[in-house]
Amino acid sequence: MPRVIFVNRFYWPEEPATSQLLTDLAQSVADAGFTVCVITSCKAQSPRLETHRGVDILRVGPVRHDGRSLVFRVFDFVSFISAALWRLLRIVRGGDTVVIMTDPPMLGALAAPLLEWRDVRLIHWIQDIYPDVAISVTGQRWMNFLKPWRDYAWRQAEGCVTLGKDMASVLKGAAVADERITIIPNWAPEGLIEEPTNESDAIKTAWGVAEKFVILYSGNLGHVHDLMPVLDIAENLRNEPDIVFVFVGSGAQQSALRESAQSRRLNNIVFQPHQPRSRLGAALSAGDLHCVTLKEGCESCVLPSKLHGIIAVARPILFIGPKTSELFSMITEQKLGVSFTRNQAAVAAAEIRALKSDSQRRIAMSTAARQLHQETGFSASRLAWLNLLGRPSLKPSH
């Protein structure tokens, strides 16, 4: 029976985006008849070895600190990489397929030389392109020295799976052969659906925004997301009592966003904690318009996975990001919502006023989202993955 080994820092029952994606895929691959193993990190009180829904889970390394301190984050990364690669080398055998995700960054590049001479298929599942993301966010160009090493690992692998055309263009620029690049979009968490109005209204009431037009940002408040322009838009709408902006989640920009909102006296900004997966459908359905953002320079390195949750609950989208990005044109061309650059706060505010008053236009956007979800949901990505995992091996040239 064919065996697939996935490696990623998070897995069930944890709820980061990569954990939910990997959990859905690993269980589905196991259901299709593959023997599936996941190597992941260890959280306090989690069993080191267990089997869940047909997937063998191996939790390795020291218990994670999950601290915001840079020292703790580096320790977590290094200790997991070391333990995961050691366990991988101990269990891998001829004929296996090894799928390595990009958390921690560069994990696949480190694994590639260790597996190069073994009779295994190595597939990079590229959620974020490093070190490009870090360079774009920090400006630390010294990290460019990692690119040739990463590019070589990509070229020598059996295949590279990425999320969209912008990201695939980076792989092509690294001279990865076309036949080794597969675009498989991410998907909404399994079972996520649009919830009835009474469920979403209950969430709005709990958030203190009942009967308001809610512009919702749900997810990681991380460095790749251009979030300050959302506050600029909110400032343009500060005198609209029926319009409110809700940020749900946490991340590196949370403190700065709170401080900026407070200093500007923006009473139309509300912050809420991360919502568990069991409440995610109702929480996302509480948004009348969903905000997706991307920083300039990150458009070829990241494709926000929150997009798929939004279309799963059939809500219109407000995108703030570079005009050259794949998402900017996709959202407008497929009539999923509206797109603006970060300097168009006043124009975006005017468009929000218009959308609030035009329910028929919002319904049309919701219908377009619902249709796209039917065409590109997990079932489509699952079939693409099963096709890839079942392909005959393409021998890399050494």
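Relevant structure appears above.
How each quantity is defined
- Residues numbered from 1 in each chain as written.
- Predicted model: local features only at pLDDT ≥ 70, side-chain atom pairs only at ≥ 80, totals over all residues.
- Heavy atoms only, no water.
- Helix = DSSP H or I, 4+ residues; strand = E, 2+ residues; numbered from the N terminus.
- Rg over C-alpha atoms; globule rule 2.2 N^0.38 Å.
- Buried < 20%, exposed > 50% of the residue type's maximum accessible area, 1.4 Å probe, protein only.
- Contact = heavy atoms within 4.5 Å.
- Areas by Shrake-Rupley, 256 points an atom, 1.4 Å probe, with all protein chains shown as cover.
- Lys, Arg positive; Asp, Glu negative; His and termini not counted.
- Charge placed at Lys NZ, Arg CZ, Asp CG, Glu CD.
- Axes fitted to C-alpha atoms, helices over the stretch in contact; angles between N-to-C directions.
- Parallel < 35°, antiparallel > 145°, perpendicular 65-115°, else oblique.
- Left-handed = near helix turned anticlockwise from the far one by under 90°.
- Nonpolar A, V, L, I, M, F, W, Y, C, P; charged D, E, K, R; others polar.
- Salt bridge = Lys/Arg side-chain N within 4 Å of Asp/Glu carboxyl O.
- Core = buried A, V, L, I, M, F, W, Y, C linked by side-chain atoms within 4.5 Å.
- 1 Å grid on protein atoms, 1.4 Å probe; cavity = no way out; pocket = protein on both sides within 12 Å on 5 of 7 lines; lining within 4 Å.
- Points joined across faces, edges and corners; volume = space filled by probe spheres on them.
- Pairing = 2+ DSSP bridges.

> What exactly am I supposed to notice about the overall build of the protein here?
A tally of helices and strands in the protein yields 15 helices and 14 strands. For 398 residues, the compact-globule formula gives about 21 Å, and the C-alpha radius of gyration of the protein, at 21 Å, lands near that figure. For the protein, the C-alpha atoms occupy an extent of roughly 65 × 45 × 40 Å along the three principal directions. A total of 398 residues make up the protein; the buried ones form 54% of that total. If you take every contact in the protein between residues at least 6 apart in sequence, the share linking residues at least 24 apart comes to 69%. Total accessible area on the protein stands at roughly 17,500 Å², and carbon and sulfur atoms take up 53% of it. Distance between charge centres in the protein, computed from 43 positive and 39 negative side chains, equals 3 Å.

> Looking at this model, I keep getting lost on the packing of helix H1 (residues 17-31) against helix H15 (residues 378-389). Mind explaining?
Close contact between H1 and H15 brings their axes to 11 Å; oriented N to C, the two are set at 60°. With respect to H15, the axis of H1 lies oblique. Crossing of H1 over H15 shows right-handed handedness. Along the contact surface, H1 presents Asp24, Leu25, Ser28 and Val29, while H15 presents Phe378, Arg382, Trp385, Leu386 and Leu389. Considering only residue class, the contact of H1 with H15 consists of six nonpolar, one polar and two charged.

> Explain the pattern of salt bridges here, please?
With the rule as written, the count across this model stands at 18 salt bridges. For the salt bridge of Lys147 with Asp132, the shortest nitrogen-to-oxygen distance reads 3.6 Å. In this pair, Lys147 sits in helix H5 (residues 147-156) while Asp132 sits in helix H4 (residues 132-138), placing the two residues 15 residues apart along the sequence. For Lys147, a relative accessible area of 24% gives the class partly exposed. Across the pair Arg150 and Asp151 runs a salt bridge, and its minimum N-O distance is 2.7 Å. Exposure remark for Arg150: the relative accessible area of 6% places this residue in the buried category. Assessed through its relative accessible area of 13%, Asp151 is described here as buried.

> Can you help me understand the nonpolar core in this one?
Proteins that are soluble and globular tend to have nonpolar side chains buried together. By size, the foremost hydrophobic cluster in this structure holds 58 residues, and its most contacted members are Phe6, Val29, Trp125, Trp154 and Trp385. The element contributing the most residues to this core is H1, with six residues. Membership of the second largest hydrophobic core comes to 30 residues, among which are Ile215, Leu221, Phe340 and Leu355.

> Just checking my understanding: could you explain empty space enclosed by the protein for this structure?
Any empty space left between atoms is shown by rolling a water-sized probe over those atoms. If you walk through the whole model with that rule in mind, you get three cavities of 30 Å³ or more. For the largest cavity, the calculated volume is near 130 Å³. Contributing to the lining of the largest cavity are 15 residues, with Thr102, Met106, Gly108, Arg150 and Trp154 lying nearest its centre. For the lining of the largest cavity, the secondary structure elements donating two or more residues are helix H3 (107-115) and H5.

> It is not clear to me how helix H12 (residues 326-333) should be interpreted in this structure. Could you clarify?
Each α-helix turn comprises 3.6 residues. Residues three or four places apart therefore point the same way. Those residues of H12 lying buried are Leu327, Phe328, Met330 and Ile331. Looking at the buried side of H12, the elements it contacts are strand E12 (289-293), helix H11 (306-312), strand E13 (317-320), strand E14 (337-340) and helix H14 (359-376). Lys335, located one to two residues past H12, shows a positive phi value of around 55°.

> Explanation requested: the sheet that holds strand E9 (residues 213-218) in the structure shown.
Two orientations exist for strands paired in a sheet by backbone hydrogen bonds: parallel and antiparallel. With parallel pairing, six strands are arranged side by side in an open sheet as E11-E10-E9-E12-E13-E14. Unpaired on one side and paired on the other, strand E11 (269-272) and E14 mark the two borders of the sheet. Each strand axis lies, on average, 25° off the axis of its neighbour in the sheet, ignoring direction. In this sheet, E14 lies alongside E13 in parallel orientation, the contact comprising four bridges. In the sheet register, Phe319 faces E14, and the bridge partner there is Ser339. The sheet strands contacting helix H13 (residues 345-357) are E9, strand E10 (243-248), E12, E13 and E14, and the helix crosses E14 at an angle near 170°.

> When you look at the environment of Phe378 in this model, what are you seeing that I'm missing?
On the secondary structure map, Phe378 appears in helix H15. The sequence separation of Phe378 and Val347 amounts to 31 residues, and the corresponding C-alpha distance is 35 Å. Dropping the residues within four chain positions of it, Phe378 is found in contact with Asp24, Leu25, Ser28 and Trp187.

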